[in-house]
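Analysis of the macromolecular model
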Amino acid sequence: MKDISDREMTPKRQADATPHAASLIEGMRDFGYTLETAMADIIDNAITAGASKVEILAETTGEEPWISIIDNGSGMDEAGLIEAMRPGSKNPLNERGDHDLGRFGLGLKSASFSQCRQLTVISRKDGVTSAATWDLDRVAETNVWTVDLEDDLSGIPAADHLPEHGTVVLWRKLDRLSTGYRQDSAKRAAEINKALSGAERHLRLCFHRYMEGTRPRTVLLLNGRKLFPIDPFARDHKATQTDPVEQLPLTRGIVETQCFTLPHHKMMSQAAWDELGEPEGHLRSQGFYIYREKRLIIAGSWLGLARQTELTKLARVRVDIPNTMDADWKIDVRKVNAHMPPVVRERLRRIIERLQGTSKRTYKRRGQKLVDDRKLPFWSRIQQDGRIIYRPNVDHPSISGFEESLPEEFRNGFRTCLKLIGSGLPMESLHADMLGGAEDVFAEEADFASLSEGAETAIRILRGTGMTVSDIVANLCSNEPLRSHKDAVRRLADDIEQEEAR
């Protein structure tokens with residue numbers, strides 16, 4: 001009978017388990033990339049290579065449409081290019097440079113295959129040009145892991161755009177970008193152009209810190225048109241509230257956080273406000289913005305630490321992590337998902353509590369004027385039994401003055417009408433509309449001609465209390481509908497004052 005040591009020395013049998021090229025390479029097409037995340041993965045490589053300019057060129061109207069991403073980075077020699085074309089060319093456990101945006105050595109291939117069946121990479125380094133092509137139709141036929149080395153570039157689109165040093169990534173056979181890939185050329189062009197338009201905003205946001213004024217800067221172009229960054233924190237706006245930077249030192253690096261509270265939408269132009277919130281709106285874009293080496297990974301989510309609410313939609317937190325923490329954060333191949341380590345979650349939970357209070361104060365600031373006794377709102381905000389009730393302010397001089405002008409037999413009916421208006425507020429509809437986008441909900445506008453009689457009544461009553469014209473205007477115009485007609489109210493008050501003086 002053999003003892004345990006004898007059994008341990010017996011060599012194990014082995015079998016060849018080399019993956020089938022045709023099967024595995026098709027599987028690499030389904031990692032979940034969209035056009036924008038695939039393009040971002042290619043741009044990652046360009047930035048890692050030191051590119052100061054990245055241009056996206058697309059030919060969508062021809063019979064064989066193509067998309068290319070061209071950079072002026074360091075480029076590759078033939079050996080480097082062949083290695084870059086190899087699936088899994090880098091081990092994610094290997095140590096990377098401080099600003100390396102790569103992860104698994106799969107991005108170039110998996111991102112490209114997700115959009116096309118033919119990938120050509122042309123690169124130039126030290127004056128030497130090299131080119132190689134993966135053709136998935138050829139792999140399907142041969143079931144062999146081989147790329148075609150290209151010696152003649154004359155028939156390859158975008159090859160003439162290769163700079164003195166840098167790389168061209170060319171996608172052809174764009175079967176995933178159009179349902180009309182082999183049929184209707186007009187429909188195919190429309191679908192590809194629509195996808196490119198949708199990808200543009202993602203790239204402007206994803207790489208905004210590389211595109212901004214700090215050096216070195218990376219310029220992004222789409223078919224010759226320069227793209228401008230989208231800063232999700234509106235740092236250039238004077239009303240943005242910015243907290244100090246905080247650092248959390250951990251074993252594998254430092255996590256850096258900074259909190260921002262956006263300005264109220266009434267303090268921004270409509271175009272600037274829409275750009276910050278599109279395409280899903282500000283309710284969905286609040287929360288954490290997680291960056292890996294300044295490249296955006298997650299744009300807007302509380303990651304289970306808080307709810308996204310209307311009153312906190314101005315709150316955003318920048319979270320910067322180094323690439324040494326990829327495993328801790330479980331960064332995926334597409335670089336669009338991450339999971340916080342427990343120690344970071346606990347720290348950010350405390351940050352959220354503080355930040356949400358700031359956002360709520362900013363968003364409610366105009367509403368808080370309704371409970372200021374020194375103002376004269378048309379609506380009273382009343383807290384009763386844990387509920388908030390809105391009702392017409394019967395003490396407003398425009399309302400009380402009109403009531404006093406009525407014959408006694410009509411006054412009770414007038415008060416009943418006011419109660420009906422207050423109790424008939426469509427709260428469910430208002431609540432739904434506010435959740436959908438509070439900035440899109442407006443009170444009906446009224447010209448001053450329709451308000452002048454009530455304004456005159458209010459001014460005369462307030463003059464009778466001894467209030468100055470300035471105080472009257474300040475109080476009456478503290479809220480709508482008279483806030484939009486402040487100059488007209490002032491002129492009316494001046495006329496009444498002069499009339500009384502005569």
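Residues numbered from 1 in each chain as written. Predicted model: local features only at pLDDT ≥ 70, side-chain atom pairs only at ≥ 80, totals over all residues. Heavy atoms only, no water.

1. Points about the sheet that holds strand β7 (residues 219-222)
Selection criterion: Any two strands between which DSSP finds at least two bridges are classified as paired. For helices the rule is a DSSP run of H or I covering at least 4 residues; for strands it is a run of E covering at least 2, with both sets numbered from the N terminus onward.
Spatial strand order, β5-β4-β3-β6-β2-β1-β7-β8: 8 strands in an open sheet with mixed pairing. Lying at the two open borders of the sheet, with one neighbouring strand each, are β5 (148-149) and β8 (225-226). The sheet contact formed by strand β3 (residues 118-125) and strand β4 (residues 128-135) spans 8 bridges and is antiparallel. Bridge pairing in β4 links Thr120 to Thr133.

2. Things to note about the side chain of Thr60
Put simply, the rule is: Buried, partly exposed and exposed residues are distinguished by accessible area as a fraction of the type maximum, computed with a 1.4 Å probe on protein chains only: under 20%, between the cut-offs, and over 50%, respectively. Any pair of nitrogen or oxygen atoms within 3.5 Å is treated as a polar contact; in protein, a donor-acceptor pairing is required on top of that, and neighbouring residues in sequence qualify only through side-chain atoms on both sides. It only takes one pair of heavy atoms within 4.5 Å for two residues to be counted as in contact.
Relative to the helices and strands, Thr60 resides in the loop between β1 (53-59) and β2 (66-71). According to the relative accessible area criterion, Thr60 is buried, its value standing at 7%. Looking at Thr60, its side chain comes within polar contact range of the side chain of Asn193, at 3.1 Å. What Thr60 contacts, discounting residues up to four positions off in sequence, is Pro65, Ala189, Ile192, Asn193 and Leu196.

3. Points about the pattern of salt bridges
Note the following rule: Salt bridge, as used here: a side-chain nitrogen of Lys or Arg that lies within 4 Å of a carboxyl oxygen of Asp or Glu.
For the coordinates displayed, the defined rule picks out 23 salt bridges. For Glu83, the salt bridge is made with Arg86, and the minimal N-O distance between the two is 3.2 Å. Note on Arg86: relative accessible area 44%, which makes it partly exposed. Across the salt bridge formed by Arg349 and Glu346, the nearest N and O atoms sit 3.9 Å from each other. Of this pair, Arg349 and Glu346 both sit in helix α12 (residues 342-368), 3 residues apart, which is roughly one turn of the helix. Relative accessible area serves as the criterion here: at 33%, Arg349 is assigned to the partly exposed category. Given the relative accessible area of 42%, Glu346 is considered partly exposed. A cluster of three or more residues bridged by salt bridges with shared partners is formed by Glu26, Arg117, Asp135, Asp137 and Lys173.

4. Some details on helix α3 (residues 35-48)
Note the following rule: Here, expected helix span is obtained from the residue count minus one, scaled by 1.5 Å.
Taking 1.5 Å per residue as the helical rise, α3 with its 14 residues ought to reach 20 Å, and the 20 Å between its terminal C-alpha atoms agrees with that figure. Among the 14 residues of α3, 11 are classified as buried, and the element is accordingly described as predominantly covered. Looking at α3, one finds that the buried residues are Leu35, Thr37, Ala38, Met39, Ala40, Asp41, Ile42, Ile43, Asp44, Ala46 and Ile47. Phi for Gly50, located one or two positions after α3, is positive at around 85°.

5. Some words on the packing of aromatic side chains
This is how the line gets drawn: Paired rings are identified among Phe, Tyr and Trp, the last through its six-membered ring, by centres lying within 6.5 Å, and are further divided according to the angle between planes into stacked (under 30 degrees), edge-to-face (over 60) and tilted (the rest). In this scheme, the term charge over a ring applies when either NZ of a lysine or CZ of an arginine sits within 6 Å of the ring centre and within 35 degrees of the ring normal.
Inspection of every chain in the model, using the stated rule, returns 6 aromatic pairs. Between the aromatic rings of Phe113 and Trp134, the centroid separation amounts to 6.4 Å while the plane-to-plane angle is 90°, which identifies the pairing as edge-to-face. Of the two residues, Phe113 sits in helix α5 (residues 107-113) while Trp134 sits in strand β4, which places them 21 residues apart along the sequence. With centroids separated by 6.3 Å and ring planes inclined at 90°, the aromatic side chains of Trp134 and Trp145 adopt a geometry described as edge-to-face. With Trp134 in strand β4 and Trp145 in the loop between α6 (136-142) and β5, the pair connects residues that are 11 residues apart, well separated along the chain. The rings of Phe233, Phe260, Tyr289 and Tyr291 are connected pair by pair, giving a single aromatic cluster. Positioned over the ring face of Tyr291 is Arg209, at 4.6 Å from the centre of the ring.

6. A few points about the confidence of the model for the protein chain
Note the following rule: pLDDT gives the predictor's per-residue confidence on a scale running from 0 to 100.
Of the residues in the protein chain, 86% reach a pLDDT of 70 or more, and the chain-wide mean stands at 82. Ignoring residues within four places in sequence, the model shows residues 366-373, a span with pLDDT below 50, making 13 contacts including any to other chains.

7. Some details on the environment of Gly422
For Gly422, the position within the fold is in helix α14 (residues 408-423). A relative accessible area of 12% places Gly422 in the buried class. Placed 29 residues apart in sequence, Gly422 and Asn393 show a C-alpha to C-alpha distance of 9.5 Å.

8. Points about the nonpolar core
One recurring pattern in soluble globular proteins is that nonpolar side chains are buried together. Which entries qualify depends on this criterion: Throughout this description, the term nonpolar core refers to a set of buried Ala, Val, Leu, Ile, Met, Phe, Trp, Tyr and Cys residues connected via side-chain atoms within 4.5 Å.
Core analysis: the largest hydrophobic core is formed by 47 residues, its most contacted members being Met39, Ile67, Leu119, Trp171 and Phe207. Broken down by element, this core gets its largest block of residues, 8 residues, from α3. The contact partners of Leu119, leaving out residues within four places of it in the chain, are Met85, Leu108, Lys109, Ser112, Phe113, Ala132, Thr133, Trp134, Val169, Leu170 and Trp171. Counting 23 residues, the second largest nonpolar core, distinct from the first, contains Ile298, Leu305, Val319 and Ile352.

9. So, the pairing of β7
Successive residues of a regular strand alternate their side chains across the two faces of the sheet. Sheet analysis places β1 next to β7, joined by 4 bridges and oriented parallel. Within β7, the residue paired with Lys53 across the bridge is Val219. The pairing of β7 with β8 spans 2 bridges and is antiparallel. Note on β8: the bridge partner recorded for Leu222 is Arg225.

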